[in-house]
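Descriptive structure summary
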Amino acid sequence: MAHSYTSRISGTGSYVPERRVTNEEVATKFALHGQDVFRVTGIRARHWSQDNEPCSHLAERAARQALEASGLSNEAVDAILVSTTSPDTPFPSTACALQKRLGARRVAAFDLAASCSGFLYGLSMADAFIRSGQFRNCLVVAAEVKSRYLHVSQPASGILFGDGAGAAVVIREESSSRNPAANPKGIMKIRLYSEGAHHDLITIPAGGSRHPTSQETIRSHQHSIRLQGGAVYRVAVKRLTEAIEAILRETRTSLSEVKQVITHQANGRMLYTIAKRVGAREDQMISIVDQVGNTSSASLPMALDWAYRQGKFREGDLILLGAFGGGLTWGTALIRW
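Being a predicted model, the structure only gives us computed values, none of them experimental.

It is worth spelling out the overall build of the chain at this point. Of the regular secondary structure elements, the chain holds eleven helices and 13 strands. Taken over the C-alpha trace, the chain has a radius of gyration of 19 Å; the compact-globule value for 337 residues is 20 Å, and the two agree within 12%. For the chain, the spread of C-alpha atoms along the principal axes amounts to about 65 × 45 × 35 Å. Counting across all 337 residues of the chain, residues that qualify as buried make up 55%. Taking as baseline every contact in the chain between residues at least 6 positions apart, the subset at least 24 positions apart corresponds to 77%. Distance between charge centres in the chain, computed from 39 positive and 30 negative side chains, equals 3 Å.

If you look at soluble globular proteins, the nonpolar side chains tend to sit buried side by side. Residues Ile244, Leu255, Val258, Met270, Ile274, Met285 and Leu320 are the most contacted members of the largest nonpolar core, which totals 43 residues. Of all elements in the fold, only helix H1 (23-29), helix H8 (229-250), strand S11 (258-263), helix H9 (268-278), strand S12 (318-325) and strand S13 (329-336) reach the threshold of two or more residues within this core. Examining the composition of this core, we find that eleven residues originate from one element, H8, more than from any other. Once residues lying within four places of it in the same chain are set aside, the contact partners of Leu320 are Ile244, Ile247, Leu255, Val258, Gln260, Val261, Ile262, Ala333 and Leu334. Phe129, Ile262, Ile286 and Ala333 belong to the second largest nonpolar core, which has 37 residues in total.

On the basis of which strands lie adjacent, the open sheet formed by four strands has the order S8-S13-S12-S11 and mixed pairing. Each edge of the sheet is formed by a strand with only one pairing partner; in this case those strands are strand S8 (186-194) and S11. Within this sheet the neighbouring strands show an average axis-to-axis angle of 10°, counted without direction. Sheet topology places S12 next to S13; eight bridges connect them, and they run antiparallel. Opposite Phe324, over in S13, you have Trp330 as the bridge partner.

Take unusual backbone geometry next. At the junction of Phe91 and Pro92, the peptide bond is cis and its omega measures out at 0° in the coordinates. On the secondary structure map, Pro92 appears in the loop between strand S4 (79-83) and helix H4 (94-102). Going from Gly327 to Leu328, the amide bond is cis rather than trans, its omega being -15°. Looking at where Leu328 falls in the secondary structure, it is placed in the loop between S12 and S13. With a phi close to 55°, Ser115 is a non-glycine residue in the positive phi region. Relative to the elements of secondary structure, Ser115 occurs in the loop between strand S5 (108-112) and helix H5 (118-131).

This brings us to the pairing of S11. With five of its six residues buried, S11 lies for the most part within the structure. Bridge analysis of S11 against S12 gives five bridges, and the strand direction is parallel. Its bridge partner lying in S12, Val261 is registered against Leu320.

So, about the packing of aromatic side chains. Overall, the coordinates contain seven aromatic pairs when judged by the stated rule. Each ring, one from Phe110 and one from Phe129, has its centre 6.4 Å from the other, and the planes form 80°; the classification is edge-to-face. Here Phe110 is found in strand S5, whereas its partner Phe129 is found in helix H5, with 19 residues between them in sequence. Seen in terms of ring centroids, Phe324 and Trp330 are 5.9 Å apart; in terms of plane orientation they differ by 25°. Their pairing is stacked. Accessibility assignment for this pair places Phe324 and Trp330 in one class, buried. Three or more aromatic residues joined by ring pairs make a cluster, and in this case those are Phe110, Phe129 and Phe135.

Right, let's get into the environment of Tyr121. In this structure, Tyr121 sits in helix H5. Separated by 166 residues in the primary sequence, Tyr121 and Ser287 place their C-alpha atoms 21 Å from one another. When sequence neighbours within four positions are dropped, the list of residues in contact with Tyr121 reads Leu112, Ala114, Leu192, Tyr193, Ser194, Thr329 and Trp330.

Attention now goes to the packing of H8 against H9. Orientation of H8 relative to H9, taken along the N-to-C sense of each, is 40°, at an axis distance of 10 Å. Judged by the angle between their axes, H8 and H9 are oblique. Both H8 and H9 take part in a crossing whose hand is right-handed. Along the contact surface, H8 presents Tyr233, Ala236, Val237, Lys238, Leu240, Thr241, Ile244 and Glu245, while H9 presents Arg269, Met270, Thr273, Ile274, Arg277 and Val278. Looking at the contact of H8 with H9, its residues break down into eight nonpolar, two polar and four charged.

Tallied over the entire structure, the rule returns 15 salt bridges. The residue Glu250 makes a salt bridge to Arg191 at a minimum N-O spacing of 3.0 Å. In this pair, Glu250 sits in helix H8 while Arg191 sits in strand S8, placing the two residues 59 residues apart along the sequence. Through salt bridges with shared partners, a single ionic network connects Glu195, Lys238, Arg239 and Glu242.

Overall, the coordinates contain zero disulfides when judged by the stated rule. Not part of a disulfide, Cys55 finds its nearest cysteine sulfur in Cys96, a span of 13 Å. By relative accessible area, which is 2% here, Cys55 ends up buried. The partly exposed category is assigned to Cys96, whose relative accessible area is 37%.

Rules of the game
- Residues numbered from 1 in each chain as written.
- Predicted model: local features only at pLDDT ≥ 70, side-chain atom pairs only at ≥ 80, totals over all residues.
- Heavy atoms only, no water.
- Helix = DSSP H or I, 4+ residues; strand = E, 2+ residues; numbered from the N terminus.
- Rg over C-alpha atoms; globule rule 2.2 N^0.38 Å.
- Buried < 20%, exposed > 50% of the residue type's maximum accessible area, 1.4 Å probe, protein only.
- Contact = heavy atoms within 4.5 Å.
- Lys, Arg positive; Asp, Glu negative; His and termini not counted.
- Charge placed at Lys NZ, Arg CZ, Asp CG, Glu CD.
- Core = buried A, V, L, I, M, F, W, Y, C linked by side-chain atoms within 4.5 Å.
- Pairing = 2+ DSSP bridges.
- Axes fitted to C-alpha atoms, helices over the stretch in contact; angles between N-to-C directions.
- Phe/Tyr/Trp six-rings, centres within 6.5 Å; stacked < 30°, edge-to-face > 60°.
- Parallel < 35°, antiparallel > 145°, perpendicular 65-115°, else oblique.
- Left-handed = near helix turned anticlockwise from the far one by under 90°.
- Nonpolar A, V, L, I, M, F, W, Y, C, P; charged D, E, K, R; others polar.
- Salt bridge = Lys/Arg side-chain N within 4 Å of Asp/Glu carboxyl O.
- Disulfide = S-S within 2.5 Å.

If you want it as C-alpha cells, here you go:
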C-alpha cells in the first residue's frame, strides 16, 4: 500500500526574559504617559533581555521546553529552523548557535527572515521538508530581541516591542494515500503572501549592504526600528482578514468549527479589529499582548504555547493561525491538533 507523509506539531515551548518592563518605565523613556501607552497599544508590560541574553539564549530556552513537551530528544532532531530579524550576528546563523547550545547532531540548521510572519514561513518549510520525505523531525523556533533596536527618537516602535521566543517540534506521520481521512490530525494547509511594494513601512534603514554602518548612520539613529503605524495597521487588518477568509473558503471550513484563532500579537487594537471583521467570538481569539507586547515573529508560537498550556484547545480541535509583518509579509495556517 502506498504511503504519504503528513506533519503535525507534537510539542510547543516559549520563553520571555525575567526583566519585566511596565508602561510607566516605557513612558518615561519616551516622554509619554503610561495610560496613553495602554490606550494606543493594549499593552500593559513587556520583557526586555539583559546584555548577556542574545537571541540564541532565548531560542534555546523555548526549544528545550518544546522538545520536552514533545518527548523528543535533541538527537532526534533532523533540522533546526530559526525565524529572527534580531540574530546573534549577521552570520553565521543563530540556528547554528542554537544547534551548538542544544548539543544536537550535525543537522541542517538555518535562519529565515520574514519579520512577524516568520514562524508561519518556518512552519511551512518544515511541513514541506517532512512531506517530501527529506526530514522526519523539525524544530521550528522564532526568537526576537527587538529591545536592542529601540530608540527614543522612535516612540511608535519603542512602546510596542518586547523580547521573547516560541518553538514548535514538527514531526512526520504516515498516512495511507488511499484514505487520507484516516489521519486527520496535523497541518492541513498553510498560505503565505508578500507585498514588497510596502517594504518601507516597517524597517531598520541601516546596517545592511545598501546603507552600511557608519558614523553617520549611528549618529542619525538609523539602526532603530522605523514604523509607520497607521499605514501598517490599515494594510495588516485588510490583508490578514482577506487571508483568513480565503483559507476558510479553500478548506470549506466555517469559523464556528474553529476552536481558537491565534494570530500575531501586534497590538490590542489590531487583534480586536481583526476578530470583529472575521466574526470571531471573544473566546475564540487568543490575546497575550497585554503582558508580553509585540515580540515580532516569536509572538505567534508564544501565543500558541500559552493557549495550549492554558487548556484553550485539545487534541482534535481546529486551530487557525495568522500573522502579518514587515516585508510586507503575511500568512495563515489551519491545523487539526
